[in-house]
Amino acid sequence: MEPTLSYRNVVQPSYQAVVSIYTSGKVKADGKFNFGPFTFEMPEKAPEKRQALGSGVIVRDDGLVITNNHVIAMADEIRVVLADGRTFDARVVVKDPDCDLAALRFIKTDKNSKLFEGGFPKLPLGRGDECEVGDVVLAIGNNLGLQGTVTQGIISAVGRFMDNKKSITSKISVPLIQTSASINPGSSGGALVNMKGNLVGINTAIVTTSGGNIGLAFAVPANYIIPVLNAVDQGRKTVRRPYIGCTLGKIPYPDKGVLIHNVMKGGPASKAGVMAKDVIIALDDCPISDSDRFLMMISLQDIGGKVRLKVRRGGKREVECVLRVGEWEKKKEKILVVKDEQNPLEGTTLGEMSPTLNSRLGLDAALSGVVVIRVARGSTAEGLFQPKDHILQVGEQKIASLEDLTKAIEPVVKSKTPTVVKIRVARGEVVIEFRLSVGSPRAKL
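Residues numbered from 1 in each chain as written. Predicted model: local features only at pLDDT ≥ 70, side-chain atom pairs only at ≥ 80, totals over all residues. Heavy atoms only, no water.

1. What about the side chain of Arg86?
Link 1 in the chain: For Arg86, the location among the structural elements is in the loop between strand 6 (77-81) and strand 7 (87-96).
Link 2 in the chain: Here the side chain of Arg86 touches Asp84 through a polar contact of 3.0 Å, side chain to side chain.
Link 3 in the chain: In this structure the side chain of Arg86 is engaged in a polar contact, spanning 3.4 Å, whose partner is the backbone oxygen of Gly119.
Link 4 in the chain: Look past the residues within four positions of Arg86 in its chain and what remains in contact with it is Val80, Val81, Leu115, Glu117, Gly119, Phe120 and Pro121. (Helix = DSSP H or I, 4+ residues; strand = E, 2+ residues; numbered from the N terminus. Polar contact = N/O pair within 3.5 Å; in protein donor to acceptor, adjacent residues only side chain to side chain. Contact = heavy atoms within 4.5 Å.)

This is the structure in C-alpha coordinates:
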(Lines give C-alpha, C1' and ligand atoms only; values in the text may rest on other atoms or scores of the structure.)
Protein backbone atom coordinates (compact mmCIF):
# COMPACT_ATOMS: atom_id res chain seq x y z
CA MET A 1 0.00 0.00 0.00
CA GLU A 2 1.45 3.36 -1.03
CA PRO A 3 1.99 5.93 1.74
CA THR A 4 -0.57 8.75 1.81
CA LEU A 5 0.58 12.35 2.08
CA SER A 6 -1.25 14.01 4.97
CA TYR A 7 -0.85 17.07 7.17
CA ARG A 8 -3.09 15.68 9.92
CA ASN A 9 -0.28 15.45 12.49
CA VAL A 10 0.25 19.20 12.16
CA VAL A 11 -3.36 20.27 11.62
CA GLN A 12 -5.10 18.43 14.44
CA PRO A 13 -3.18 20.00 17.35
CA SER A 14 -2.82 23.37 15.58
CA TYR A 15 -6.40 24.21 14.66
CA GLN A 16 -7.52 23.65 18.27
CA ALA A 17 -5.56 26.79 19.20
CA VAL A 18 -7.03 28.97 16.43
CA VAL A 19 -10.16 30.92 17.42
CA SER A 20 -12.89 32.80 15.60
CA ILE A 21 -13.45 36.43 16.54
CA TYR A 22 -16.71 38.31 16.10
CA THR A 23 -16.79 42.05 16.76
CA SER A 24 -19.39 44.80 16.76
CA GLY A 25 -18.98 48.54 17.04
CA LYS A 26 -20.75 51.78 16.25
CA VAL A 27 -19.62 53.68 13.17
CA LYS A 28 -20.71 57.27 12.54
CA ALA A 29 -22.44 57.75 9.18
CA ASP A 30 -20.88 60.48 7.01
CA GLY A 31 -24.27 62.08 6.19
CA LYS A 32 -23.56 62.19 2.45
CA PHE A 33 -25.45 60.75 -0.51
CA ASN A 34 -23.77 60.29 -3.88
CA PHE A 35 -25.76 60.44 -7.14
CA GLY A 36 -23.56 60.23 -10.21
CA PRO A 37 -21.05 63.10 -10.05
CA PHE A 38 -23.11 64.94 -7.41
CA THR A 39 -22.83 64.70 -3.62
CA PHE A 40 -25.71 65.79 -1.37
CA GLU A 41 -25.55 66.56 2.35
CA MET A 42 -28.16 64.52 4.23
CA PRO A 43 -29.58 64.92 7.75
CA GLU A 44 -27.14 63.57 10.33
CA LYS A 45 -27.83 59.96 11.25
CA ALA A 46 -27.24 58.10 14.49
CA PRO A 47 -24.11 55.92 14.53
CA GLU A 48 -24.62 52.59 12.79
CA LYS A 49 -23.74 49.28 14.40
CA ARG A 50 -21.29 47.30 12.27
CA GLN A 51 -20.30 43.68 12.72
CA ALA A 52 -17.11 42.02 11.52
CA LEU A 53 -15.29 38.73 11.83
CA GLY A 54 -11.70 37.60 12.10
CA SER A 55 -9.42 35.01 13.63
CA GLY A 56 -6.92 34.74 16.46
CA VAL A 57 -4.35 32.37 17.92
CA ILE A 58 -4.02 31.20 21.53
CA VAL A 59 -0.33 31.41 22.46
CA ARG A 60 -0.41 30.81 26.24
CA ASP A 61 -1.99 28.31 28.62
CA ASP A 62 -4.13 31.04 30.21
CA GLY A 63 -5.89 31.69 26.89
CA LEU A 64 -4.06 34.83 25.76
CA VAL A 65 -5.02 35.46 22.13
CA ILE A 66 -2.94 37.20 19.46
CA THR A 67 -4.83 38.69 16.50
CA ASN A 68 -4.55 41.57 14.03
CA ASN A 69 -5.04 45.09 15.33
CA HIS A 70 -7.33 45.87 12.38
CA VAL A 71 -9.67 43.05 13.46
CA ILE A 72 -10.48 44.74 16.78
CA ALA A 73 -9.57 48.41 16.12
CA MET A 74 -13.17 49.67 15.87
CA ALA A 75 -14.79 47.09 18.18
CA ASP A 76 -16.96 47.92 21.18
CA GLU A 77 -17.75 44.26 21.81
CA ILE A 78 -15.55 41.22 21.12
CA ARG A 79 -16.71 37.60 21.21
CA VAL A 80 -14.26 34.71 20.80
CA VAL A 81 -15.30 31.16 19.85
CA LEU A 82 -12.85 28.28 20.35
CA ALA A 83 -12.65 25.19 18.15
CA ASP A 84 -14.14 23.11 21.00
CA GLY A 85 -17.19 25.38 21.15
CA ARG A 86 -16.34 27.42 24.24
CA THR A 87 -17.36 31.06 23.85
CA PHE A 88 -16.01 34.07 25.73
CA ASP A 89 -16.33 37.82 25.71
CA ALA A 90 -12.86 39.35 25.41
CA ARG A 91 -11.08 42.64 26.01
CA VAL A 92 -8.04 44.20 24.35
CA VAL A 93 -4.96 44.32 26.60
CA VAL A 94 -2.26 45.45 24.11
CA LYS A 95 -2.34 47.13 20.70
CA ASP A 96 0.55 47.34 18.23
CA PRO A 97 -0.79 49.14 15.13
CA ASP A 98 2.66 49.39 13.48
CA CYS A 99 2.83 45.60 13.26
CA ASP A 100 -0.96 45.15 13.01
CA LEU A 101 -1.02 42.99 16.15
CA ALA A 102 -3.12 42.98 19.30
CA ALA A 103 -3.50 40.80 22.40
CA LEU A 104 -6.86 39.78 23.89
CA ARG A 105 -7.85 38.27 27.23
CA PHE A 106 -11.03 36.33 27.97
CA ILE A 107 -13.35 38.01 30.49
CA LYS A 108 -13.92 35.69 33.44
CA THR A 109 -17.25 35.82 35.33
CA ASP A 110 -19.01 33.67 37.90
CA LYS A 111 -21.14 32.18 35.13
CA ASN A 112 -18.28 31.08 32.88
CA SER A 113 -15.56 30.29 35.44
CA LYS A 114 -15.86 26.53 34.81
CA LEU A 115 -14.96 27.09 31.16
CA PHE A 116 -11.48 28.18 32.30
CA GLU A 117 -10.81 24.86 34.04
CA GLY A 118 -8.21 22.70 32.35
CA GLY A 119 -6.59 25.62 30.55
CA PHE A 120 -6.49 26.17 26.81
CA PRO A 121 -4.77 24.69 23.75
CA LYS A 122 -1.91 26.85 22.46
CA LEU A 123 0.40 27.07 19.49
CA PRO A 124 4.16 27.13 20.14
CA LEU A 125 5.93 30.18 18.70
CA GLY A 126 8.31 29.73 15.80
CA ARG A 127 10.46 32.34 14.06
CA GLY A 128 9.72 34.11 10.81
CA ASP A 129 13.39 34.73 10.09
CA GLU A 130 13.96 30.96 9.94
CA CYS A 131 11.41 30.52 7.11
CA GLU A 132 12.79 29.83 3.66
CA VAL A 133 11.20 30.23 0.25
CA GLY A 134 9.63 26.90 -0.69
CA ASP A 135 8.77 25.82 2.87
CA VAL A 136 5.31 24.27 3.11
CA VAL A 137 2.95 26.17 5.44
CA LEU A 138 -0.69 25.93 6.52
CA ALA A 139 -3.04 28.88 7.03
CA ILE A 140 -5.78 28.31 9.61
CA GLY A 141 -8.62 30.73 10.26
CA ASN A 142 -12.26 31.75 10.13
CA ASN A 143 -12.37 32.16 6.33
CA LEU A 144 -15.64 33.82 5.34
CA GLY A 145 -17.07 32.65 8.66
CA LEU A 146 -16.13 29.00 8.09
CA GLN A 147 -14.43 28.27 11.40
CA GLY A 148 -11.24 26.21 11.42
CA THR A 149 -10.65 26.42 7.66
CA VAL A 150 -7.20 25.04 6.75
CA THR A 151 -5.44 25.91 3.49
CA GLN A 152 -2.00 24.88 2.29
CA GLY A 153 0.71 26.68 0.36
CA ILE A 154 4.39 27.54 0.37
CA ILE A 155 6.50 30.46 1.51
CA SER A 156 6.76 32.65 -1.59
CA ALA A 157 9.02 35.35 -0.10
CA VAL A 158 10.38 36.56 3.22
CA GLY A 159 10.66 40.31 3.76
CA ARG A 160 7.88 41.89 1.72
CA PHE A 161 6.83 45.45 2.54
CA MET A 162 3.24 46.51 1.87
CA ASP A 163 1.82 49.90 0.96
CA ASN A 164 -1.71 51.28 0.92
CA LYS A 165 -2.07 50.98 -2.84
CA LYS A 166 -1.46 47.23 -2.93
CA SER A 167 -2.87 45.97 0.36
CA ILE A 168 -6.48 45.81 1.53
CA THR A 169 -5.27 46.83 4.98
CA SER A 170 -3.30 49.84 6.17
CA LYS A 171 0.44 50.04 5.78
CA ILE A 172 2.42 47.79 8.09
CA SER A 173 5.93 48.93 8.98
CA VAL A 174 7.63 45.52 9.27
CA PRO A 175 8.78 42.98 6.65
CA LEU A 176 6.10 40.35 5.99
CA ILE A 177 6.05 36.70 4.97
CA GLN A 178 4.40 36.10 1.60
CA THR A 179 2.58 32.80 1.09
CA SER A 180 0.44 31.10 -1.54
CA ALA A 181 -1.83 29.62 1.16
CA SER A 182 -5.33 30.95 0.58
CA ILE A 183 -6.70 33.50 3.05
CA ASN A 184 -9.95 35.43 2.70
CA PRO A 185 -12.07 37.86 4.73
CA GLY A 186 -12.28 36.40 8.23
CA SER A 187 -8.78 34.92 8.00
CA SER A 188 -7.10 38.02 9.40
CA GLY A 189 -5.44 37.23 12.73
CA GLY A 190 -5.27 33.51 12.00
CA ALA A 191 -2.27 31.22 12.13
CA LEU A 192 0.45 30.52 9.59
CA VAL A 193 1.98 27.23 10.73
CA ASN A 194 5.07 25.38 9.52
CA MET A 195 5.46 21.62 9.23
CA LYS A 196 6.86 21.45 12.77
CA GLY A 197 3.55 22.73 14.07
CA ASN A 198 5.03 26.07 15.10
CA LEU A 199 3.35 29.45 14.62
CA VAL A 200 5.57 31.37 12.17
CA GLY A 201 3.17 34.19 11.29
CA ILE A 202 -0.17 35.93 11.85
CA ASN A 203 -2.16 36.15 8.60
CA THR A 204 -2.88 39.80 7.94
CA ALA A 205 -3.43 40.89 4.32
CA ILE A 206 -3.86 39.96 0.69
CA VAL A 207 -3.06 41.65 -2.58
CA THR A 208 -5.99 41.27 -4.94
CA THR A 209 -7.45 42.59 -8.17
CA SER A 210 -10.85 40.99 -7.57
CA GLY A 211 -11.52 41.38 -3.83
CA GLY A 212 -10.81 37.69 -3.26
CA ASN A 213 -7.70 35.59 -2.83
CA ILE A 214 -5.46 35.18 -5.89
CA GLY A 215 -2.57 33.44 -4.13
CA LEU A 216 -0.86 36.56 -2.79
CA ALA A 217 -1.24 36.46 0.99
CA PHE A 218 0.89 37.99 3.73
CA ALA A 219 1.58 37.30 7.39
CA VAL A 220 3.29 39.24 10.18
CA PRO A 221 6.32 37.17 11.27
CA ALA A 222 5.90 35.53 14.69
CA ASN A 223 9.04 37.37 15.88
CA TYR A 224 6.94 40.52 16.31
CA ILE A 225 4.63 38.75 18.77
CA ILE A 226 7.44 38.75 21.37
CA PRO A 227 7.31 42.54 22.09
CA VAL A 228 3.51 42.23 22.42
CA LEU A 229 3.91 39.43 24.98
CA ASN A 230 6.50 41.50 26.84
CA ALA A 231 4.01 44.38 27.02
CA VAL A 232 1.36 42.01 28.41
CA ASP A 233 3.78 40.80 31.11
CA GLN A 234 4.75 44.37 32.02
CA GLY A 235 1.12 45.55 32.22
CA ARG A 236 1.62 48.01 29.35
CA LYS A 237 -1.03 48.79 26.73
CA THR A 238 1.53 49.66 24.10
CA VAL A 239 4.64 47.95 22.77
CA ARG A 240 8.27 48.84 23.45
CA ARG A 241 10.29 48.19 20.33
CA PRO A 242 14.03 47.42 20.18
CA TYR A 243 16.15 50.02 18.38
CA ILE A 244 19.77 50.02 17.25
CA GLY A 245 19.98 53.48 15.67
CA CYS A 246 20.98 52.99 12.06
CA THR A 247 19.38 52.74 8.63
CA LEU A 248 19.97 49.67 6.50
CA GLY A 249 20.30 48.85 2.83
CA LYS A 250 21.07 45.99 0.47
CA ILE A 251 24.46 45.15 -0.97
CA PRO A 252 25.10 43.96 -4.54
CA TYR A 253 25.11 40.28 -5.48
CA PRO A 254 27.01 38.04 -4.74
CA ASP A 255 28.06 39.63 -1.43
CA LYS A 256 26.01 38.82 1.67
CA GLY A 257 25.24 40.96 4.67
CA VAL A 258 23.47 44.22 5.47
CA LEU A 259 24.82 47.62 4.46
CA ILE A 260 24.60 50.41 7.04
CA HIS A 261 23.57 53.61 5.25
CA ASN A 262 23.58 55.99 8.20
CA VAL A 263 24.25 55.87 11.92
CA MET A 264 22.07 58.04 14.18
CA LYS A 265 24.15 60.40 16.28
CA GLY A 266 24.07 59.36 19.94
CA GLY A 267 22.18 56.13 19.18
CA PRO A 268 23.12 52.60 20.27
CA ALA A 269 25.04 51.81 17.07
CA SER A 270 27.00 55.07 17.24
CA LYS A 271 27.99 54.44 20.86
CA ALA A 272 29.15 50.93 19.93
CA GLY A 273 31.48 52.25 17.22
CA VAL A 274 29.41 51.16 14.21
CA MET A 275 30.08 53.34 11.16
CA ALA A 276 28.27 54.25 7.95
CA LYS A 277 29.20 51.91 5.06
CA ASP A 278 29.94 49.05 7.47
CA VAL A 279 28.43 45.73 6.35
CA ILE A 280 26.82 43.62 9.08
CA ILE A 281 27.77 39.97 8.57
CA ALA A 282 26.78 38.40 11.92
CA LEU A 283 24.58 38.99 14.97
CA ASP A 284 25.75 37.06 18.06
CA ASP A 285 27.64 34.65 15.77
CA CYS A 286 24.54 34.04 13.60
CA PRO A 287 25.35 34.84 9.94
CA ILE A 288 23.31 37.69 8.41
CA SER A 289 22.28 37.45 4.76
CA ASP A 290 19.73 40.26 4.32
CA SER A 291 18.20 43.25 6.10
CA ASP A 292 14.68 41.80 6.44
CA ARG A 293 15.80 38.79 8.47
CA PHE A 294 18.13 41.01 10.47
CA LEU A 295 15.19 43.25 11.45
CA MET A 296 13.21 40.18 12.53
CA MET A 297 16.13 39.03 14.68
CA ILE A 298 16.48 42.46 16.29
CA SER A 299 12.78 42.35 17.22
CA LEU A 300 13.58 39.41 19.55
CA GLN A 301 16.23 41.31 21.52
CA ASP A 302 15.67 42.63 25.04
CA ILE A 303 15.74 46.41 25.41
CA GLY A 304 18.82 47.22 27.48
CA GLY A 305 20.44 43.90 26.59
CA LYS A 306 23.71 43.55 24.71
CA VAL A 307 24.27 42.08 21.26
CA ARG A 308 27.46 41.49 19.31
CA LEU A 309 27.57 42.81 15.76
CA LYS A 310 30.31 41.62 13.46
CA VAL A 311 30.84 44.08 10.61
CA ARG A 312 33.06 44.19 7.54
CA ARG A 313 34.73 47.59 7.26
CA GLY A 314 36.51 48.95 4.22
CA GLY A 315 35.72 45.85 2.21
CA LYS A 316 38.01 43.46 4.09
CA ARG A 317 38.65 44.12 7.79
CA GLU A 318 36.22 42.49 10.25
CA VAL A 319 35.33 44.42 13.42
CA GLU A 320 33.19 43.28 16.36
CA CYS A 321 31.01 45.89 18.07
CA VAL A 322 29.14 45.28 21.33
CA LEU A 323 25.88 47.19 21.22
CA ARG A 324 23.36 47.85 23.98
CA VAL A 325 19.86 47.67 22.48
CA GLY A 326 17.85 50.87 22.87
CA GLU A 327 14.13 51.60 22.75
CA TRP A 328 12.48 53.08 19.68
CA GLU A 329 10.66 56.30 20.56
CA LYS A 330 7.99 56.92 17.99
CA LYS A 331 7.49 60.62 17.45
CA LYS A 332 4.30 62.06 16.06
CA GLU A 333 4.92 63.24 12.53
CA LYS A 334 4.56 66.97 11.94
CA ILE A 335 2.47 67.50 8.82
CA LEU A 336 1.16 70.68 7.17
CA VAL A 337 -1.45 70.78 4.39
CA VAL A 338 -1.25 74.14 2.56
CA LYS A 339 -4.73 75.33 1.50
CA ASP A 340 -4.40 79.12 1.26
CA GLU A 341 -4.69 80.08 -2.43
CA GLN A 342 -2.41 83.08 -1.83
CA ASN A 343 0.37 80.70 -0.75
CA PRO A 344 2.70 79.67 -3.60
CA LEU A 345 2.86 76.21 -1.95
CA GLU A 346 -0.95 75.81 -2.09
CA GLY A 347 -1.86 72.16 -2.73
CA THR A 348 1.20 70.64 -1.10
CA THR A 349 1.30 68.38 1.92
CA LEU A 350 4.54 69.06 3.79
CA GLY A 351 6.27 67.17 6.56
CA GLU A 352 9.21 67.59 8.90
CA MET A 353 11.81 65.04 7.93
CA SER A 354 12.49 62.16 10.32
CA PRO A 355 14.01 58.68 9.92
CA THR A 356 10.50 57.22 9.74
CA LEU A 357 9.12 59.68 7.17
CA ASN A 358 12.33 59.64 5.14
CA SER A 359 12.28 55.84 5.02
CA ARG A 360 8.68 55.88 3.79
CA LEU A 361 9.59 58.35 1.02
CA GLY A 362 12.79 56.53 0.10
CA LEU A 363 15.06 59.36 1.24
CA ASP A 364 18.28 59.36 3.23
CA ALA A 365 17.26 58.78 6.87
CA ALA A 366 19.82 61.33 8.10
CA LEU A 367 18.25 64.26 6.22
CA SER A 368 16.41 66.92 8.21
CA GLY A 369 14.23 69.87 7.27
CA VAL A 370 10.95 70.07 5.35
CA VAL A 371 9.92 67.77 2.52
CA VAL A 372 7.02 67.72 0.06
CA ILE A 373 4.96 64.58 0.67
CA ARG A 374 2.34 65.06 -2.05
CA VAL A 375 0.96 67.65 -4.47
CA ALA A 376 -2.77 68.00 -5.18
CA ARG A 377 -4.00 67.99 -8.75
CA GLY A 378 -5.11 71.36 -10.10
CA SER A 379 -3.34 73.22 -7.31
CA THR A 380 -0.97 76.17 -7.48
CA ALA A 381 1.95 73.88 -6.69
CA GLU A 382 1.20 71.33 -9.41
CA GLY A 383 3.77 71.41 -12.19
CA LEU A 384 6.28 73.15 -9.94
CA PHE A 385 6.89 71.04 -6.86
CA GLN A 386 7.10 67.27 -6.63
CA PRO A 387 6.91 64.69 -3.84
CA LYS A 388 10.34 64.24 -2.17
CA ASP A 389 11.37 67.86 -2.89
CA HIS A 390 13.44 69.03 0.07
CA ILE A 391 12.66 72.74 0.74
CA LEU A 392 15.94 74.46 1.52
CA GLN A 393 15.15 78.17 1.49
CA VAL A 394 12.28 80.68 1.22
CA GLY A 395 13.48 84.17 0.41
CA GLU A 396 16.67 84.59 2.43
CA GLN A 397 15.44 82.28 5.22
CA LYS A 398 16.96 78.79 5.43
CA ILE A 399 14.30 76.22 6.29
CA ALA A 400 14.92 73.67 9.07
CA SER A 401 11.34 73.15 10.27
CA LEU A 402 7.69 73.76 9.42
CA GLU A 403 7.79 76.67 11.84
CA ASP A 404 10.64 78.26 9.85
CA LEU A 405 8.67 77.76 6.65
CA THR A 406 5.49 79.30 8.07
CA LYS A 407 7.34 82.36 9.35
CA ALA A 408 9.18 82.85 6.08
CA ILE A 409 6.11 82.54 3.85
CA GLU A 410 3.65 84.49 6.04
CA PRO A 411 4.73 88.03 5.00
CA VAL A 412 4.48 87.01 1.35
CA VAL A 413 0.98 85.59 1.77
CA LYS A 414 -0.23 88.68 3.68
CA SER A 415 1.30 91.16 1.26
CA LYS A 416 -1.28 93.43 -0.41
CA THR A 417 0.95 94.16 -3.37
CA PRO A 418 2.32 91.74 -5.98
CA THR A 419 5.46 90.12 -4.63
CA VAL A 420 8.05 87.71 -6.02
CA VAL A 421 9.26 85.02 -3.64
CA LYS A 422 12.30 82.81 -4.11
CA ILE A 423 11.96 79.15 -3.09
CA ARG A 424 14.92 76.76 -3.36
CA VAL A 425 14.45 72.97 -3.25
CA ALA A 426 16.73 69.97 -3.55
CA ARG A 427 15.39 67.37 -5.97
CA GLY A 428 17.71 64.41 -5.74
CA GLU A 429 21.18 65.79 -6.31
CA VAL A 430 19.91 68.88 -8.16
CA VAL A 431 19.05 72.21 -6.49
CA ILE A 432 16.22 74.11 -8.21
CA GLU A 433 15.30 77.73 -7.57
CA PHE A 434 11.74 78.96 -8.24
CA ARG A 435 10.81 82.64 -8.39
CA LEU A 436 7.05 82.82 -7.94
CA SER A 437 4.74 85.83 -8.15
CA VAL A 438 2.25 86.24 -5.33
CA GLY A 439 -0.70 88.62 -5.33
CA SER A 440 -1.13 88.50 -9.12
CA PRO A 441 -1.85 85.72 -11.62
CA ARG A 442 0.54 82.80 -10.96
CA ALA A 443 3.66 82.57 -13.04
CA LYS A 444 7.05 80.97 -12.73
CA LEU A 445 9.69 83.53 -13.56
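There is more to say after this.
2. Some remarks on the nonpolar core
Link 1 in the chain: Counting 47 residues, the largest nonpolar core has Ile66 and Leu101 as its most contacted members.
Link 2 in the chain: Tallying contributions element by element places helix 3 (residues 225-233) first for this core, with 5 residues.
Link 3 in the chain: Non-local contacts of Ile66, meaning those with residues more than four positions away in its chain, are made with Gly56, Val57, Val59, Leu101, Ala102, Ala103, Gly189, Ile202, Ile225, Val228 and Leu229. (Core = buried A, V, L, I, M, F, W, Y, C linked by side-chain atoms within 4.5 Å. Buried < 20%, exposed > 50% of the residue type's maximum accessible area, 1.4 Å probe, protein only.)

3. Some points on helix 5 (residues 291-298)
Link 1 in the chain: For helix 5, a buried count of 7 out of 8 residues is recorded, marking the element as mostly surrounded by other parts of the structure.
Link 2 in the chain: Among all positions of helix 5, only Ser291, Asp292, Arg293, Phe294, Met296, Met297 and Ile298 are buried.
Link 3 in the chain: Sitting at the head of helix 5, Asp290 places a side-chain oxygen 2.9 Å from the backbone nitrogen of Arg293.

4. Quick look at the pattern of salt bridges
Link 1 in the chain: On inspection of all chains with the given rule, the structure shows 19 salt bridges.
Link 2 in the chain: Here Arg127 and Glu130 are joined by a salt bridge, their closest N and O atoms 3.8 Å apart.
Link 3 in the chain: Look at Glu130 and you get exposed, because its relative accessible area is 53%.
Link 4 in the chain: Beyond isolated ion pairs, a larger network of salt bridges with shared partners links Arg127, Asp129 and Glu130. (Salt bridge = Lys/Arg side-chain N within 4 Å of Asp/Glu carboxyl O.)

5. Here's the deal with the environment of Gly190
Link 1 in the chain: The topology assignment puts Gly190 in the loop between strand 11 (176-179) and strand 12 (191-194).
Link 2 in the chain: With a relative accessible area of 0%, Gly190 lands in the buried category.

6. Focus on the pairing of strand 7
Link 1 in the chain: Relative to strand 7, strand 6 is paired through 3 bridges, and the arrangement is antiparallel. Considered in strand 7, the bridge of Val80 is made with Phe88.
Link 2 in the chain: Two successive antiparallel strands, strand 6 and strand 7, enclose a turn made up of 5 residues, where Gly85 displays a positive phi of approximately 100 degrees.
Link 3 in the chain: Note that strand 7 and strand 8 (residues 101-106) share 6 bridges and pair antiparallel. Paired with Asp96 across the strands is Leu101, a residue of strand 8. (Pairing = 2+ DSSP bridges.)

7. Topic: helix 7 (residues 402-414)
Link 1 in the chain: The end-to-end C-alpha distance of helix 7 is 18 Å, a good match for the 18 Å that 13 residues give at a rise of 1.5 Å each.
Link 2 in the chain: In helix 7, a bend of some 25 degrees at Ala408 exceeds every other bend along the element, and Pro411, a proline, comes one to four places later.
Link 3 in the chain: Of the positions making up helix 7, those classed as buried are Leu402, Leu405, Ala408, Ile409, Val412 and Val413. (Expected span 1.5 Å × (residues − 1). Bend = angle between axes of the 7 residues up to and from the residue.)

8. Comments concerning unusual backbone geometry
Link 1 in the chain: Even without being glycine, Leu144 reaches a positive phi, approximately 50 degrees.
Link 2 in the chain: On the basis of relative accessibility, which here comes to 59%, the residue Leu144 falls in the exposed class.
Link 3 in the chain: The phi dihedral of Asp284 is positive, around 50 degrees, even though this residue is not glycine.
Link 4 in the chain: In this fold, Asp284 is placed in the loop between strand 18 (279-283) and strand 19 (286-287).
Link 5 in the chain: According to the relative accessible area criterion, Asp284 is partly exposed, its value standing at 34%.

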